[in-house]
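Below are the chains, spelled out letter by letter.
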Amino acid sequence: MKPFLTYTFILISIFGFSQDKEHTSYFDVNYFKGNIALHNNDILHLIKGHPEGVILSWNKKSYGFNDWEQRYNYPDYGASFIYQNLKNDVLGDNYALYAHYNFYFLKRNVMMRIGQGLALTTNPYDKETNYRNNAFGSKLLSSTYVMLNYKTERIVDNFGLQVGLSLIHYSNANLKAPNTSINSITLNLGVTYNLDAEEPEYVTTLSQQGKEKFTQPLKYNLVFRTGINESDVVDSGQFPFYIFSGYVDKRINVKSAFQLGADVFFSNFLKEYIYYRSVSYPEEPATGNEDHKRVGVFVGHELFVNRTSLITQLGYYAYYPFDFEGRTYFRVGLKRYINDKWFGALTLKSHGAKAEAVEFGVGVRL
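Just so it is clear, the model here is predicted, and its values are computed rather than measured.

A.B. asks: I keep staring at the sheet that holds strand β16 (residues 354-365) and nothing clicks. Help me out?
C.D. replies: To summarise the sheet geometry, strands pair through backbone hydrogen bonds and adopt either a parallel or an antiparallel arrangement. Strand order in the closed barrel formed by eight strands is β9-β10-β11-β12-β13-β14-β15-β16, and the pairing between neighbours is antiparallel. Across the sheet, the mean angle from the axis of one strand to that of its neighbour is 25°, orientation sign disregarded.

A.B. asks: Help me understand the sheet that holds strand β6 (residues 140-156), please; the structure alone is not making it clear to me.
C.D. replies: In spatial order, the strands read β1-β2-β3-β4-β5-β6-β7-β8; together these eight strands close into a barrel with antiparallel pairing. The mean angle between the axes of side-by-side strands here comes to 25°, regardless of whether they run parallel or antiparallel. Pairing analysis gives ten bridges linking strand β3 (residues 76-85) to strand β4 (residues 93-105), with the strands arranged antiparallel. Paired with Phe81 across the strands is Leu97, a residue of β4.

A.B. asks: I'm lost on unusual backbone geometry in this one. Help?
C.D. replies: Negative phi is the rule for most residues except glycine; trans is the rule for most peptide bonds. A cis geometry characterises the amide bond from Ala177 onward to Pro178, with omega recorded as 0°. Mapped onto the elements, Pro178 comes out in the loop between β7 (159-171) and β8 (182-194). For Lys87, which is not a glycine, the phi torsion comes out positive at approximately 55°. Locating Lys87 in the fold gives a position in the loop between β3 and β4.

A.B. asks: What's the story with the packing of aromatic side chains in this structure? I'm lost.
C.D. replies: Two aromatic rings, taken as a pair, are described by how far apart their centres are and by the angle between their planes. For the structure on display, the rule yields 26 aromatic pairs. Taking the centre distance of 6.0 Å and the plane angle of 85° together, the rings of Phe244 and Phe266 count as edge-to-face. Here Phe244 is found in strand β10 (residues 239-251), whereas its partner Phe266 is found in strand β11 (residues 256-267), with 22 residues between them in sequence. Residue class for Phe244 comes out partly exposed when judged on its relative accessible area of 44%. Take Phe266: its relative accessible area is 29%, and that puts it in the partly exposed class. Plain terms: the ring middles of Tyr273 and Phe324 are 5.6 Å apart, the flat faces sit at 70° to each other, and that makes the pair edge-to-face. Residue Tyr273 is found in helix α4 (residues 268-280), and its partner Phe324 is found in the loop between β13 (308-319) and β14 (328-337); the two are separated by 51 residues along the sequence.

A.B. asks: Teacher, can you tell me more about the side chain of His351 here?
C.D. replies: Position of His351 relative to the elements: it lies in strand β15 (residues 342-351). When its relative accessible area of 8% is taken as the criterion, His351 is described as buried. Leaving out residues up to four positions away in the same chain, His351 has contacts with Arg294, Tyr317, Phe324, Glu325, Gly326, Thr328, Tyr329 and Glu356.

A.B. asks: What exactly am I supposed to notice about the pairing of strand β5 (residues 110-121) here?
C.D. replies: Every regular strand shows the same layout, with side chains that alternate between the two sheet faces. Two strands pair when backbone bridges link them, and β4 and β5 are joined in this way by twelve bridges, in the antiparallel orientation. When the bridges of β5 are listed, Leu97 appears paired with Leu118. Between β4 and β5, which pair antiparallel one after the other, the connecting turn spans four residues, and Leu106 there sits at a positive phi close to 50°. Here eleven bridges tie β5 to β6, and the two strands are oriented antiparallel to one another.

A.B. asks: Explain the nonpolar core here, please?
C.D. replies: Here is a general trend for soluble globular proteins: nonpolar side chains tend to be buried in one another's company. Grouped together as the largest cluster of nonpolar side chains are 23 residues, with contacts concentrated most on Ile82, Leu91, Phe136, Tyr170 and Ile182. Of all the secondary-structure elements, those providing two or more residues to this core are β1 (23-36), β4, β5, β6 and β7. For Tyr170, the contacting residues outside a window of four places in its chain are Ile82, Gln84, Asn94, Tyr98, Ala119, Phe136, Leu141, Ser142, Ser143, Ser181 and Ile182. Listed in part, the 14 residues of the second largest apolar core include Phe241, Tyr320, Tyr337 and Phe343.

A.B. asks: How should I be thinking about the confidence of the model for the protein chain in this particular structure?
C.D. replies: When pLDDT drops low, the exact placement of atoms in the prediction is not to be read closely. Mean pLDDT over the protein chain works out to 91, with 93% of the residues at or above the 70 mark. Here residues 1-19 is a poorly scored stretch, pLDDT under 50, and it has eleven contacts once near neighbours within four places are set aside; other chains count.

A.B. asks: Whenever I open this one, the pattern of salt bridges confuses me. Can you help?
C.D. replies: Where charged atoms from two side chains of opposite charge approach closely, those side chains can pair. All told, the structure shown has 17 salt bridges when counted by the stated rule. One salt bridge connects Lys61 with Glu199, and the closest N-O pair in it is separated by 3.0 Å. With Lys61 in strand β2 (residues 52-62) and Glu199 in the loop between β8 and α3 (205-209), this residue pair connects regions lying 138 residues apart in the sequence. Taking the relative accessible area as the measure of exposure, Glu199 reaches 29% and is therefore partly exposed. Arg277 is the salt-bridge partner of Glu284, the closest N and O atoms lying 2.3 Å from each other. Under the relative-accessibility criterion, Glu284 is labelled partly exposed at 27%.

Basis of the calculations
Residues numbered from 1 in each chain as written. Predicted model: local features only at pLDDT ≥ 70, side-chain atom pairs only at ≥ 80, totals over all residues. Heavy atoms only, no water. Pairing = 2+ DSSP bridges. Helix = DSSP H or I, 4+ residues; strand = E, 2+ residues; numbered from the N terminus. Axes fitted to C-alpha atoms, helices over the stretch in contact; angles between N-to-C directions. Phe/Tyr/Trp six-rings, centres within 6.5 Å; stacked < 30°, edge-to-face > 60°. Buried < 20%, exposed > 50% of the residue type's maximum accessible area, 1.4 Å probe, protein only. Contact = heavy atoms within 4.5 Å. Core = buried A, V, L, I, M, F, W, Y, C linked by side-chain atoms within 4.5 Å. pLDDT = per-residue confidence, 0-100. Salt bridge = Lys/Arg side-chain N within 4 Å of Asp/Glu carboxyl O.

Next up, the structure:
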């Protein structure tokens, strides 16, 4: 293990030092400890002790050589690794890899990091050997973490310190039941190390030239999304779903666009769930013949960064023949533009804090 870590450090260091002067890079290492949040009474038996772990990150600094870097106050972007001991034999340990952005405020003393990635849990649910773990129904999980730190670099040579709060979320987004998920609220303390002795000056061409008014006509979007998921009924089966979406968006400035549109949902897990409710709960009004399709209308917002953008949408089911988790839904995720028209999307659809599915999508913006 030690030779592997040594070679990895050497390779990343060479990569970091070989950067042109449009970018520099740094490492940070953070220890964290905290509590599992009680967001659902079903996980009360899983909250024991104070989970702790380590966050290792490599970060690439930006200096405004691209316009988007100046608009967002010269963010960093990079990769993170998290090891977390959840202090419960039922839950086991989690290992996760992320891509992240660091955004800065208050004269760059306050940093907010947002990371999204995949996690591996060592002890998922098993109906025979680990039936008490209703948080993780699968070994592979989706994970998000948010870090809010006060940060000071180069206190002693290339070393600095940061301290603050971190929120770490694990869920498989109903890829497989059960999936009550785990949220950890922690305190973290870390050390930073800059790989470059000198840094270039920040470019401020946008502030010198002034902000030009950005105009763009209405754009029309068509999106197809798909994936697999399962209802909350354990072993009820994983089924594919298909979503067709159409919406119009209006870019109000260089950063933001508002959206208005509709979704048509073909969720096969819901078809199975309707049949299950009609057979298992004869006292309920479900007959098993209800339509599993749903149609929603939504409003949304798109935040443009570079070729990547963040989308958030709030929807309401206009056609809703079977009651499942309420009539409102949320969607949040990332779009990546391949060119000026075509894009890919990775989004999470939920009903409040209750995830329904991770959606993989492809679309066109005309």
